Number of protein chains: 4
Amino acid sequence: MTIAELDLATTSAVPPSTSATMRALVYHGPGKSAWERKPYPTIQDPGDAIVRITTSTICGTDLHILKGDLPSVTDGRILGHEGIGVVEQVGTGVSEFHIGEKVIISCVTACLKCDYCRRGMYSHCRRGGWILGNTIDGTQAEYVLIPHADGSLYSFPSGADEEAMVMLSDILPTGFECGVLNGQVKPGDTVAIVGAGPVGLAVLLTAQFYSPAAILMIDLDDKRLAVAKKLGATTLINSGDGHAAHHVLEQTEGGGVDVAIEAVGLPATFDICQGIVAAGGRIANVGVHGKPVELHMEKLWDRNISLTTRLVDTVTTPMLLKVVSSGKLQPSKLVTHRFAMNDIVKAYDTFGNAAKESALKVVLTNGGPRG
Amino acid sequence: MTIAELDLATTSAVPPSTSATMRALVYHGPGKSAWERKPYPTIQDPGDAIVRITTSTICGTDLHILKGDLPSVTDGRILGHEGIGVVEQVGTGVSEFHIGEKVIISCVTACLKCDYCRRGMYSHCRRGGWILGNTIDGTQAEYVLIPHADGSLYSFPSGADEEAMVMLSDILPTGFECGVLNGQVKPGDTVAIVGAGPVGLAVLLTAQFYSPAAILMIDLDDKRLAVAKKLGATTLINSGDGHAAHHVLEQTEGGGVDVAIEAVGLPATFDICQGIVAAGGRIANVGVHGKPVELHMEKLWDRNISLTTRLVDTVTTPMLLKVVSSGKLQPSKLVTHRFAMNDIVKAYDTFGNAAKESALKVVLTNGGPRG
Amino acid sequence: MTIAELDLATTSAVPPSTSATMRALVYHGPGKSAWERKPYPTIQDPGDAIVRITTSTICGTDLHILKGDLPSVTDGRILGHEGIGVVEQVGTGVSEFHIGEKVIISCVTACLKCDYCRRGMYSHCRRGGWILGNTIDGTQAEYVLIPHADGSLYSFPSGADEEAMVMLSDILPTGFECGVLNGQVKPGDTVAIVGAGPVGLAVLLTAQFYSPAAILMIDLDDKRLAVAKKLGATTLINSGDGHAAHHVLEQTEGGGVDVAIEAVGLPATFDICQGIVAAGGRIANVGVHGKPVELHMEKLWDRNISLTTRLVDTVTTPMLLKVVSSGKLQPSKLVTHRFAMNDIVKAYDTFGNAAKESALKVVLTNGGPRG
Amino acid sequence: MTIAELDLATTSAVPPSTSATMRALVYHGPGKSAWERKPYPTIQDPGDAIVRITTSTICGTDLHILKGDLPSVTDGRILGHEGIGVVEQVGTGVSEFHIGEKVIISCVTACLKCDYCRRGMYSHCRRGGWILGNTIDGTQAEYVLIPHADGSLYSFPSGADEEAMVMLSDILPTGFECGVLNGQVKPGDTVAIVGAGPVGLAVLLTAQFYSPAAILMIDLDDKRLAVAKKLGATTLINSGDGHAAHHVLEQTEGGGVDVAIEAVGLPATFDICQGIVAAGGRIANVGVHGKPVELHMEKLWDRNISLTTRLVDTVTTPMLLKVVSSGKLQPSKLVTHRFAMNDIVKAYDTFGNAAKESALKVVLTNGGPRG
């Protein structure tokens, strides 16, 4: 054992034997993945931590990865960028977390030192950003290595609900930052949310922090719209007839909405947004897009609108933690299905057939302390 | 004479005889216009004022109108939405201006009372907005009727230069509000302006209010770029080789610019903007667009950018007046040609052949007190 | 009758006989006031309107006036700056309201044309501001003349509750603008409100638009604190022991509050605010002060705080109207007593003994159509 | 040698012998200080760096310390919180700087990880803030230990001027953040700066980033006012007659200034600020105060003003670096005297008699590589 290894390991509780393995969901190219044995991760840098995963979940982006849509994800990668767990080891440079502490893992890794992090744009961290389950191994596993742990983990509030808190890894800050903050939702506003999937519903929940007068929810699926109603939507619009924009304009006396939030990621849903935004209004994009859209600048150039895009920075996580802890926000309402981590392949099937299964968020739990 | 007429005219200096006529540039359908006799305007509403034009100018939009591109402009319309003049008559409701006062005419008419005006969005005034030389008669004439005069005129600073001040009718607030304010130019920023025509140069002049570290000017015309250099541009890029975006990225070490300002109004120039905006940056659109553009959401969705559109609100006119009066901003540098108003047809020829004539702003002056 | 008079009266429904009188609460120097006959008001300027008062209320400021604290209020003045009524006459320059329309009277008069109004600072309108029941006759009467009616009245939403809506004349925008907006209340914030009188409670109600995590209410009166609890306060602190700041610091683990809102107007209550504001926090002053305060710059200079003062601008009245109309905000909860306008002297007694009478807002109603 | 030492020292260029000493200005209680031998600093934590000082300077705060005004500074402390130097050693956790790199030392130490740092309030860093030359040894020495080096040092731009750059340690960000940013200086504003000492002049220089229409400089010393004139002040007011506020009101037609910046730290200068701030204006405090001030809330409560305090966060240092590097800002104009570090006692004498010596900033340079 070299001195460097020794130093890095000094703050580890129980140095794992080098032969230790764990289980994880591993991607093997388009359409192929398996719950299989992988080596236990090891601390590489002073800022690293190893977290034993207790709870994780599946994101829509994971489905895209499995289809082979993201070339940055290569064969052998452990998937997942959301999770709750317990710190098992920390490098010598980790100052904010100690072994045995329960933590929320942020989907975005932040070194806190680069120019982007210094500006609060963790999404574009020069050494991090969204890398978990993308360019480095992720959280759908028994253990995960978290680089830059001090900027990428958050203390789990004692006594809180893991199901609620795992929504803080990605979906809640994404909905809030990309949709609500960028959309500048204000008291009295009329807000339309296009897409009532998990992220759209996260927008819906967090938009209510600012007391808009009306929230119009637009989706193809009446079941999802019914959930939206329960979670605070004031008007439901099924876009199945292809006239969603028309219906919104009718509901707003022709004026359109103050804020239109795109939470799907398709040209058609983007198009609804540009068709309904009021003069002086904002379009906030949350959806992940795979294709260009046609932007009607010939209609919009004199409408005084703004359009924003954003990969979540997770800078609002501490605030969201406070609000979820106070019980004012109950994101566990988004959870529809629960599986043991061992059954993750089945969980993907359910989440992949969301419409049929009436699935929103699917929660995964690891049973015991070590795989 | 009815009582109402009498009341409305009571504050007129010299009630014109009803047979009075004046001369004006009148639009007669695509490609047709003439400097001809028209009836002298008469006060219609308590908020109206009649202004004798001393100085006017021609806008790029006027060329579009002449081509027939704006269906809102119909046969018989007097063109022009910029001008300096002297108040000749005021309705009983006008409180801010008196007969004989020299004024700057804003291109945007503001009632000050509607919901949009109350929010500072005069561009979308329910009773005004851009109507001069569009849906009502304009300023390329000897006299013009200004509705909602209290919200649509500004006092001419005593001793100021008319050539400089006529730039406050449209071009300076347009460049400043749509480009600089919406682009949130900040000290130390790197700013790119696509288009070195009069509006692009107005952006260039007013961007310097905020001390950006670098201003890159992009245009096809080296003569215009040379003017930009004199007015403060730090880097000149001729986009004639079709690789403007590439050159900008090279100049910015691959990072792109904090603010990209579109001051042309074409898909190709818009495309440069989306190709050069840095993560976390802003695209501010100033150009008037006639066609949709392709927006690369597949590249931009995670770049944390904002894109804004705006028709000028002219809410910054008082501030701009102060700065021009103090001599810190010298918009008369944009004036390349001068004509008597009588020669307006010749002036349009010069302005219409801007590249060949090296024309930027063309100033028109009325000679005497009454046509 | 002169032509001018005729013109001004043309839009009147029923020109009142010049001998008409009405009844009003008239101030006659410190400690003296009476419900007595006064001449019916007459339109003076094109922008004027006459409103028949249906509902009014009494403000803490009115008590100060009665004591003689405001030298701007002179013998013979009709008091009151809050009210709901019906438009009886309008000048020729009034475009937003018609005879017979029910309206909310704003406590602040706005010409909409001066530099302050153009910046949204109606409170400092060069021709208005707070003048009603101060330098011109007010609303505790059967009729009132409203100058600059287009900027000073708001349409009463059809079917709304007059008791709720009369809170929009002053108390709700005051609490919201001076306290909540200036205090920059944000989701997750800890907010302290010093003073649980009507204005402090208006702050409490409107602070909840932004979902703060905790609202600490501080007052000497347990009954008022109990009301605050019902209206959403999360922590109640009776400041009677002189250690309010100490208690707040205890409740916030020594860190203090993000926002401290002063809603009393005394050196002692101001002092609590500066003792509890966290580093980086805001002190927003709402109270009307009669004396200087000692500001501990030796402690605050390096605390990165902001302190704001504000006379309400009523620029948020349209938004508040929307939210009250939607039922999300129920300001009628602040009403504890009701009187006929005839009994206004008794109403002042009750309101003047607020602690003993457990009085918050006291509502006054005019019975019939004409006095 | 223990493993820990070895690890911490691995990235050191030349491990100093443990007997090494250096020279430094050491505080020995009120009125006592000496340039004497002290032990060479040693890395204590992975985030530490040791910097060999090449250039330093003296701050007004250092004079306060010498007088004994700051109880946090105790006998034996090395003074100084400004400096340029070369990195000599780094701990294992330092990732942004390497040995041999020239750096600017920030007066504020930032861990980047605590809640305050995450909000950009480095001034209140839980582990740092202003500690250099205060609670830990400072920069008026041959070497200094910089904790949390990654957040507390900035790369020195190649080819830049050390005299200019040392102004970035404290004075420029202080003037800019506390005065200009907090004062929200905008194009066209009228700004008054009370105090033409080094910090007031730093405010003056950086206020011009935002193109105010007028900058009024107020001081007792005509020589300093003359410097202010050269650096861009438009109006000079000698406050020696005790009527500074009156003069400012005369210069502003009674309206007062948009922004009043306090750059002295005395009740009398603070009082000027509250006497001259316009309705709707801002008072930004930069001065270090030792006593409470009387705040005229009885006059200010309805004036819609804001008052801010701030200890510099140095979050704008990267931007200021860019602007100084581009030559647009020339802070070396503030340097009036130069001394070898050996002569620091003499330098303090000069700086302590600033008025008589016409001293602004006094620059100190270390001659050779090791003392």
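All residue numbers refer to positions counted from 1 along the written sequence of the respective chain. As they are written, the chains are lettered A onward and the ligands numbered 1 onward, keeping that order. Residue-level local features of this predicted model are given only where pLDDT is at least 70; pairs of side-chain atoms are given and counted only at 80 or more, and the full residue set underlies all totals for whole chains, interfaces and linings. Working from all heavy atoms in the structure, the side-chain values ignore hydrogens and water.

A. Fine view of the relation of the copies chain A and chain D. Here the copies are superposed with least squares, the fitted atoms being C-alpha atoms of residues at a pLDDT of at least 70 in both. Each copy of the sequence occupies a distinct position, and chain A is placed on chain D by a rotation of 180° and an axial shift of 0.0 Å, giving an RMSD of 0.0 Å. A rotation of that kind, with that shift, is consistent with a two-fold axis. Considering only C-alpha atoms, the residue of chain A closest to the rotation axis is Gly-93 of chain A, which sits at 2.8 Å. Here, two residues are considered to be in contact whenever any of their heavy atoms come within 4.5 Å of each other. Comparing interface residues between copies, 100% of those in chain A also lie at the interface in chain D; the contact surface is shared.

B. The interface of chain A and chain D, seen in detail. The partner chain D presents 16 residues to the 16 residues of chain A that form the contact. Here chain A meets chain D over a buried area of about 1400 Å², counting both sides, of which 45% is carbon and sulfur. Salt bridges are defined as contacts in which a side-chain nitrogen from Lys or Arg sits within 4 Å of a carboxyl oxygen from Asp or Glu. Viewed at the interface, chain D and chain A are joined by 4 salt bridges. Close ionic contact of Asp-150 of chain D with Lys-113 of chain A constitutes a salt bridge, the shortest N to O distance being 2.4 Å. Here a polar contact means two N or O atoms within 3.5 Å. Within protein one must be a hydrogen donor candidate and the other an acceptor candidate, and residues neighboring in sequence count only if both atoms are side-chain atoms. In this structure, the connection of chain A to chain D is made through 14 residue pairs in polar contact (both at pLDDT 80 or more). Secondary structure elements are defined from DSSP: runs of H or I of at least 4 residues count as helices, runs of E of at least 2 residues count as strands, and each element is numbered from the N terminus. At the level of secondary structure, the elements contributing two or more residues to the side of chain A that touches chain D comprise helix H1 (3-9) and helix H4 (149-152) of chain A. In terms of residues, the side of chain A that touches chain D owes the most to one element, H1 of chain A, which gives 3 residues. The nonpolar class holds Ala, Val, Leu, Ile, Met, Phe, Trp, Tyr, Cys and Pro. Asp, Glu, Lys and Arg form the charged class, and all remaining residues, Gly among them, are polar. Counted by class, the side of chain A that touches chain D contains 6 nonpolar, 4 polar and 6 charged residues. Using a 1.4 Å probe, buried area is obtained as the accessible area two parts lose upon being combined, added over both of them.

C. Looking closely at a negative patch on the surface. Each patch is built from salt-bridge-free residues with over 30% relative accessible area, joining like charges within 9 Å and nonpolar side chains (Val, Leu, Ile, Met, Phe, Trp, Tyr) within 5 Å. The Shrake-Rupley method, run with a 1.4 Å probe, gives the accessible areas here. Residue values count only the displayed protein chains as cover. His is not counted, nor are the chain ends, whereas Lys and Arg count as positive and Asp and Glu as negative. Here the site of a charge means atom NZ of a Lys, CZ of an Arg, CG of an Asp or CD of a Glu. Taken together, the side chains of Asp-271 and Glu-294 of chain A together with Asp-271 and Glu-294 of chain B make up a negatively charged region of the molecular surface. As for its placement among the helices and strands, Glu-294 of chain A is situated in strand S13 (residues 293-295).

D. Spatial organisation of the environment of Gly-83 of chain D. Residues and elements named next belong to chain D. Mapping Gly-83 onto the fold places it in strand S4 (residues 83-90). Here the alpha-carbon distance between Gly-83 and Thr-234, two residues 151 residues apart in the chain, equals 32 Å. Excluding its chain neighbours within four sequence positions, the residues that come into contact with Gly-83 are Thr-55, Ser-56, Val-103, Ile-104, Ile-105, Val-166 and Ser-169.

E. Seen up close, the pattern of salt bridges. All names here are of chain A. Under the criterion given, the structure shown has 50 salt bridges over all chains. Across the salt bridge formed by Glu-162 and Lys-102, the nearest N and O atoms sit 2.4 Å from each other. Placement of Glu-162 in helix H5 (residues 162-165) and of Lys-102 in strand S5 (residues 102-105) is noted, with a sequence separation of 60 residues between them. Two residues, Arg-126 and Asp-115, come together in a salt bridge whose shortest N-O distance is 2.8 Å. On the criterion of sequence distance, the pair formed by Arg-126 in the loop between helix H3 (115-118) and strand S6 (143-146) and Asp-115 in helix H3 is long-range, its members being 11 residues apart. Residue exposure (1.4 Å probe, protein chains only): buried if accessible area is under 20% of the type maximum, exposed if over 50%, otherwise partly exposed. Owing to a relative accessible area of 57%, Arg-126 belongs among the exposed residues under this scheme. Residue class for Asp-115 comes out partly exposed when judged on its relative accessible area of 38%. Here the residues in one salt-bridge network are Glu-177, Arg-310 and Asp-313, joined through shared partners.

F. Fine view of the packing of helix H9 (residues 244-251) of chain D against helix H10 (residues 267-276) of chain D. Residues and elements named next belong to chain D. Contact geometry for H9 and H10: axes closest at 9 Å, N-to-C directions at 30°. Relative to H10, the element H9 lies roughly parallel. The element H9 and its partner H10 pack so that their crossing is right-handed. Together, Ala-244, Ala-245, Val-248 and Leu-249 of H9 and Ile-272, Gly-275 and Ile-276 of H10 make up the contact between the two elements. Looking at the contact of H9 with H10 residue by residue, the class counts come to 6 nonpolar, 1 polar and no charged. Only the stretch in contact is used when fitting a helix axis, every axis being a line fitted to C-alpha atoms; angles between N-to-C directions are given from 0 to 180 degrees. Should an angle fall under 35 degrees it is called roughly parallel, over 145 degrees roughly antiparallel, and 65 to 115 degrees roughly perpendicular, with every other angle called oblique. Two helices cross in a left-handed way if the nearer one is turned anticlockwise from the farther one by less than a right angle. They cross in a right-handed way if the turn is clockwise.

G. Highlighting the side chain of His-289 of chain A. Topologically, His-289 of chain A is positioned in the loop between strand S12 (277-285) and S13. Owing to a relative accessible area of 4%, His-289 of chain A belongs among the buried residues under this scheme. Within the local environment of His-289 of chain A, its side chain forms a polar contact with the backbone oxygen of Gly-265 of chain A, the two atoms lying 3.5 Å apart. If we skip the residues at most four places from it in the chain, His-289 of chain A touches Glu-262, Gly-265, Leu-266 and Phe-270 of chain A together with Met-297, Glu-298 and Trp-301 of chain B.

H. Structural detail: the interface of chain B and chain A. The interface of chain B with chain A comprises 34 residues on the first partner and 34 residues on the second. With both sides pooled, the region where chain B packs onto chain A buries about 2900 Å², and carbon together with sulfur makes up 60% of that total. A per-residue breakdown of the area chain B buries against chain A is headed by Met-297, Trp-301 and Thr-309 of chain B, which together make up 25% of the total. Where chain B touches chain A, the interface holds 0 salt bridges. Where chain B packs against chain A, one counts 21 residue pairs in polar contact (both at pLDDT 80 or more). Of all the elements in the fold, those that place two or more residues in the side of chain B that touches chain A are strand S12 (277-285), strand S13 (293-295), helix H11 (297-300) and strand S14 (306-308) of chain B.

I. Here's a closer look at empty space enclosed by the protein. Of the two site types, the cavity is a set of points on a 1 Å grid over the protein atoms alone where a 1.4 Å probe fits but cannot get out, and the pocket is an open set with protein on both sides within 12 Å along at least five of seven lines, each lined by residues with an atom within 4 Å of a point. Grid points are joined across faces, edges and corners, and a volume is the space filled by probe spheres set on the points. Following the criterion strictly, the structure yields 1 cavity of 30 Å³ or more and no others. Approximately 30 Å³ is the volume attributed to the largest cavity. Around the largest cavity sit Leu-307 and Thr-309 of chain C together with Leu-295, Met-297, Leu-300, Ile-305 and Leu-307 of chain D, which together line it. Grouping the amino acids of the lining of the largest cavity by side-chain chemistry returns 6 nonpolar, 1 polar and no charged.

J. View of helix H12 (residues 317-325) of chain B. All names here are of chain B. Of the residues making up H12, those classed as buried are Thr-317, Met-319, Leu-320, Leu-321, Val-323 and Val-324. Next to the buried residues of H12 lie strand S5 (102-105), strand S7 (153-155), helix H5 (162-165), helix H6 (171-181) and helix H7 (198-207). Gly-327 lies just past H12 and shows a positive phi near 85°.

K. Focus on the packing of aromatic side chains. Residue and element names in this part refer to chain A. Stacked, tilted and edge-to-face are the three classes assigned to paired rings of Phe, Tyr and Trp, where Trp is represented by its six-membered ring and a pair needs centres within 6.5 Å; plane angles under 30 degrees give stacked, over 60 edge-to-face, the rest tilted. Applying the stated criterion across every chain yields a total of 14 aromatic pairs over all chains. Between Phe-176 and Tyr-210, the aromatic rings sit 6.3 Å apart at their centres with planes inclined by 10°, giving stacked as the arrangement. Of the two residues, Phe-176 sits in helix H6 (residues 171-181) while Tyr-210 sits in the loop between helix H7 (198-207) and strand S9 (214-219), which places them 34 residues apart along the sequence. Residue Phe-176 is classed as buried on the basis of its relative accessible area of 1%. Judged by its relative accessible area of 11%, Tyr-210 falls in the buried class.

L. Seen up close, the confidence of the model for chain A. Residues and elements named next belong to chain A. What pLDDT reports is the predictor's confidence in each residue, on a scale of 0 through 100. Confidence along chain A averages 93 in pLDDT terms, with 94% of residues attaining 70 or more. Overall, residues 1-15 carries pLDDT values under 50, and its contacts beyond four positions in sequence, including any with other chains, amount to 22 contacts. Reported for the predicted complex are a pTM of 0.94 and an ipTM of 0.93.

M. Structural detail: the environment of Lys-361 of chain A. Residue and element names in this part refer to chain A. As for its position among the elements, Lys-361 is in strand S16 (residues 361-365). Separated by 51 residues in the primary sequence, Lys-361 and Arg-310 have C-alpha atoms spaced 22 Å apart. Ignoring anything within four residues of it in the chain, the contact list for Lys-361 reads Thr-57, Ile-58, Cys-59, Glu-82, Met-167, Ile-171, Pro-198, Leu-334, Val-335, Thr-336 and His-337.

N. Looking closely at the side chain of Asn-366 of chain A. Residue and element names in this part refer to chain A. Secondary-structure assignment places Asn-366 in the segment after S16. With a relative accessible area of 13%, Asn-366 lands in the buried category. For Asn-366, the side chain forms a polar contact with the main-chain oxygen of Ala-141, separated by 3.1 Å. Not counting the four nearest positions on each side in its chain, Asn-366 is found in contact with Ile-53, Thr-54, Ala-141, Glu-142 and Met-341.

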